[in-house]
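What follows is each chain in one-letter form.
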Amino acid sequence: MDFEEIAVHINQVAVERKGRPLKDVERLVLKGSWENKTYSAMATPAAGYTEDYLKKDVGPKLWQLLTDLVDADLHGVRVTKRNIQNVLQTWMVQGLVTTEPAPPPDILVEPRSPVPLPALVVRESPRLDLSDCVGRQAELATLTEWILTERCRTVVLWGLPGVGKTTMAAAIAATVGPQVDQCGYLALTAEATEQDVLGVIAHWLDPQAAIAPPAQVDWVLDQLGQRRTLLIIDGLEQLFETQQPAGSYRANTDALQHFFHQGAEHQHQSCLVWVSREKPAVFSQVQGPRVRDYVLGDLATDAARSLLQAPDALNVPDDWAALIDRYGRHPLVLRGLGATLREVYQGQPRMLLQAVKTVVPVVVHRTFTPALQ
């Protein structure tokens, strides 16, 4: 019996008995423990979690959750990291997972049509390396205070392409997620309809719920009032019309506009973080003590230099300062420039500064050209 089979059954029973599937980080610890990994081995940079968080927070809660699920069938058995394989395999092999009884042979049962899964997916957080959030400690502290201490209902995090908004969203999820009941991240796409978006949010809040489209906004807001949730929605600019004044909504987004405004104005205990290249033109209509926007700007000089300078590069402060003065402190520009500096100019800023033409990294062209069209 392999891990995937076990994981599918655990998710099914968790939804039936606890009203939710396993979180991404719970699955990470479950799979790692199944493979006899240490917490240290699970806490890789790619995973984005610390060993202490997995060991002292996620692990104990996961073992208690699994114990509760198993206890309904195997009374008095406690699931731990050490006995996880034996207990779960016994649970499965003995057929103790509740299954749907077979109908009598003389009754014809119509096969169930599979419920189509939404094209969009609400994940626990963006799958990014948090080490990329260099030099953003002050911004992260401010946003965390707004969400946890000042209990903001809506925060619009906006800024230029490549400035690090999604990375900041990942840092917010990692910092705030463990302190709320539910944390999710949804990346909008140009193809998604407003019914797709509201449907996948409703599915995330309650996988068993079947909410008619006209009632989805009110139902979602009611759920946000019943539990403390952090939902990060990335790509708000997908709702805006191009070649129009900044933040102007396009046609056929009425329901999502309603959701944005009601999420800001309606009293609830959750927080909606909208990530965007620009804020809605009508944002001032809902702005207040618990509805705020934060524009993510350039990096501080020290952080900017760390993106440019390789550890073994010559320390020539005036040259590095001149390079930053010329190109600014935008993270995407600096990452592209740093790569060009190392690959073409042997890591020497003076050689680049003496180039006849101003060097513009390819990644900058690729990112900003579509945004400016």
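Everything numeric in this text was worked out from a predicted model, so none of it was measured.

Q: Any chance you could explain empty space enclosed by the protein here in plain terms?
A: A water-sized probe, rolled over the atoms, reveals where empty space remains. Evaluation of the coordinates by the stated rule reveals one cavity of 30 Å³ or more. When its volume is computed, the largest cavity comes out at roughly 50 Å³. Along its surface, the largest cavity is lined by Ile147, Arg151, Cys152, Val180, Arg228, Thr229, Leu230, Gln269, Ser270 and Cys271. A per-class count over the lining of the largest cavity returns five nonpolar, three polar and two charged.

Q: Any chance you could explain helix α11 (residues 301-308) here in plain terms?
A: Structural remark: α-helix, 3.6 residues per turn; residues separated by three or four positions point the same way. Three or more residues of α11 are buried, namely Ala303, Ala304, Leu307 and Leu308. Projected onto a plane normal to the axis of α11, the buried residues spread over an arc of 140 degrees and lie on a single side. Residues of α11 that are buried in the fold lie against α12 (317-327) and α13 (331-344).

Q: Quick question: what am I supposed to make of the sheet that holds strand β4 (residues 271-276) here?
A: Taken together, five strands build an open sheet; the order of strands is β2-β3-β4-β1-β5 and the sheet is parallel. Looking at which strands have only one partner, the edges of the open sheet turn out to be β2 (182-187) and β5 (291-295). The sheet shows a mean angle of 15 degrees between the axes of neighbouring strands, taken without regard to direction. Here β2 runs beside strand β3 (residues 229-234); their pairing, made up of six bridges, is parallel. Pairing of Tyr185 across the sheet is with Ile232, part of β3.

Q: Teacher, can you tell me more about the pattern of salt bridges here?
A: Any two side chains of opposite charge can pair, so long as their charged atoms come close to each other. Overall, the coordinates contain 11 salt bridges when judged by the stated rule. The salt bridge partner of Lys31 is Glu35, with a shortest N-O separation of 2.6 Å. Among the residues examined, Glu35 registers a relative accessible area of 37% and is labelled partly exposed. With a shortest N-O distance of 3.0 Å, Arg136 and Glu139 are connected by a salt bridge. By relative accessible area, which is 4% here, Arg136 ends up buried.

Q: Explain the nonpolar core here, please?
A: A general trend in soluble globular proteins is that nonpolar side chains are found buried together. Within the largest apolar cluster, 33 residues are counted, with the highest numbers of intra-cluster contacts made by Leu186, Val197, Ile201, Val220, Phe259, Phe260 and Trp274. Residue assignment for this core shows that the elements contributing at least two residues are α8 (194-205), α9 (216-226), β3, α10 (254-265) and β4. Among the elements that take part in this core, α8 stands out by supplying seven residues, more than any other. Beyond its immediate sequence surroundings of up to four residues, Trp274 is in contact with Thr154, Val155, Val156, Leu157, Ile233, Leu236, Phe259 and Phe260. If you look at the next biggest cluster of nonpolar residues, it comprises 29 residues, including Phe3, Tyr39, Tyr49 and Ile84.

Q: Honestly, the state of the cysteines in this entry has me stumped. Any pointers?
A: Throughout this description, disulfide means a covalent bond between two cysteine sulfur atoms. Considering all chains together, one arrives at zero disulfides under this definition. With no disulfide of its own, Cys152 lies closest to Cys271 among cysteine sulfurs, the gap being 6.4 Å.

Q: Is there a simple way to think about the layout of surface pockets in this case?
A: Of the voids in this model, the second largest pocket is the one considered here, and its volume is about 510 Å³. Forming the boundary of the second largest pocket are 27 residues, of which Gly162, Gly164, Lys165, Thr166 and Thr167 lie nearest the centre. For the lining of the second largest pocket, the elements supplying multiple residues, two or more each, are α7 (165-176), β4 and α13. Its residues placed into classes, the lining of the second largest pocket shows 12 nonpolar, eight polar and seven charged.

Q: What should I look at first to understand the packing of aromatic side chains in this one?
A: The description of an aromatic ring pair uses the distance of the two centres, along with the angle that the planes make with each other. If you walk through the whole model with that rule in mind, you get seven aromatic pairs. Measuring from ring centre to ring centre gives 5.9 Å for Phe259 and Trp274, while their planes differ by 65 degrees; the resulting arrangement is edge-to-face. Remark: Trp274 occurs in strand β4 and Phe259 occurs in helix α10; sequence separation between them is 15 residues. Residue class for Trp274 comes out buried when judged on its relative accessible area of 2%. Looking at Lys31, its charged tip hangs above the ring of Phe3, at a distance of 5.9 Å from the centre. Above the plane of the ring of Tyr39 lies Lys81, whose end atom (NZ or CZ) is 5.4 Å from the centre.

Q: Looking at this structure, how should I read the environment of Asn36?
A: For Asn36, the position within the fold is in the loop between α2 (24-34) and α3 (39-42). Sequence separation of Asn36 and Gln85 is 49 residues, and the distance between their C-alpha atoms is 9.4 Å.

Q: Is there a simple way to explain unusual backbone geometry in this structure?
A: Note: most peptide bonds trans; most residues except glycine with negative phi. In this model, Gln243 sits at a positive phi of 55 degrees, which is unusual for a non-glycine residue. By secondary structure assignment, the location of Gln243 is in the loop between β3 and α10.

Parameters and conventions
- The written sequence of each chain sets the order in which its residues are numbered from 1.
- Reporting in this predicted model follows two pLDDT cut-offs: at least 70 for local features of residues, and 80 or more for side-chain atom pairs to be given and counted; totals over whole chains, interfaces and linings ignore these cut-offs and use all residues.
- Think of the side-chain values as coming from all heavy atoms in the structure, minus any hydrogens and water.
- The method works on a 1 Å grid over the protein atoms by themselves. A cavity is a set of points holding a 1.4 Å probe that cannot get out, a pocket is an open set with protein on both sides within 12 Å along at least five of seven lines, and residues with an atom within 4 Å of a point line them.
- Grid points are joined across faces, edges and corners, and a volume is the space filled by probe spheres set on the points.
- Amino acids are sorted into nonpolar (Ala, Val, Leu, Ile, Met, Phe, Trp, Tyr, Cys and Pro), charged (Asp, Glu, Lys and Arg) and polar (every other residue, Gly among them).
- When accessible area is computed with a 1.4 Å probe and restricted to protein chains, residues below 20% of their type maximum are described as buried, those above 50% as exposed, and intermediate ones as partly exposed.
- Only runs of H or I of at least four residues qualify as helices and only runs of E of at least two qualify as strands under DSSP, and these elements are numbered from the N terminus.
- The arc in question is the one traced by the directions running from the helix axis out to the C-beta atoms.
- The contact criterion used throughout is that any non-hydrogen atoms of two residues lie within 4.5 Å.
- The rule for pairing is simple: two strands pair if DSSP sees at least two bridges between them.
- In this analysis an axis means a line fitted to C-alpha atoms, helices contributing only their contacting stretch, and an angle means the value between N-to-C directions, from 0 to 180 degrees.
- In what follows, salt bridge is the name for a side-chain nitrogen of Lys or Arg lying within 4 Å of a carboxyl oxygen of Asp or Glu.
- Each nonpolar core is a collection of buried residues, namely Ala, Val, Leu, Ile, Met, Phe, Trp, Tyr and Cys, held together in the definition by side-chain atoms within 4.5 Å.
- Disulfides are defined as cysteine sulfur pairs within 2.5 Å.
- Note on aromatic contacts: the rings of Phe and Tyr and the six-membered ring of Trp form a pair at centre separations within 6.5 Å, being stacked when their planes are under 30 degrees apart, edge-to-face when over 60 apart, and tilted otherwise.
- Our definition puts a charge over a ring when NZ of Lys or CZ of Arg is within 6 Å of the ring centre and also within 35 degrees of the ring normal.

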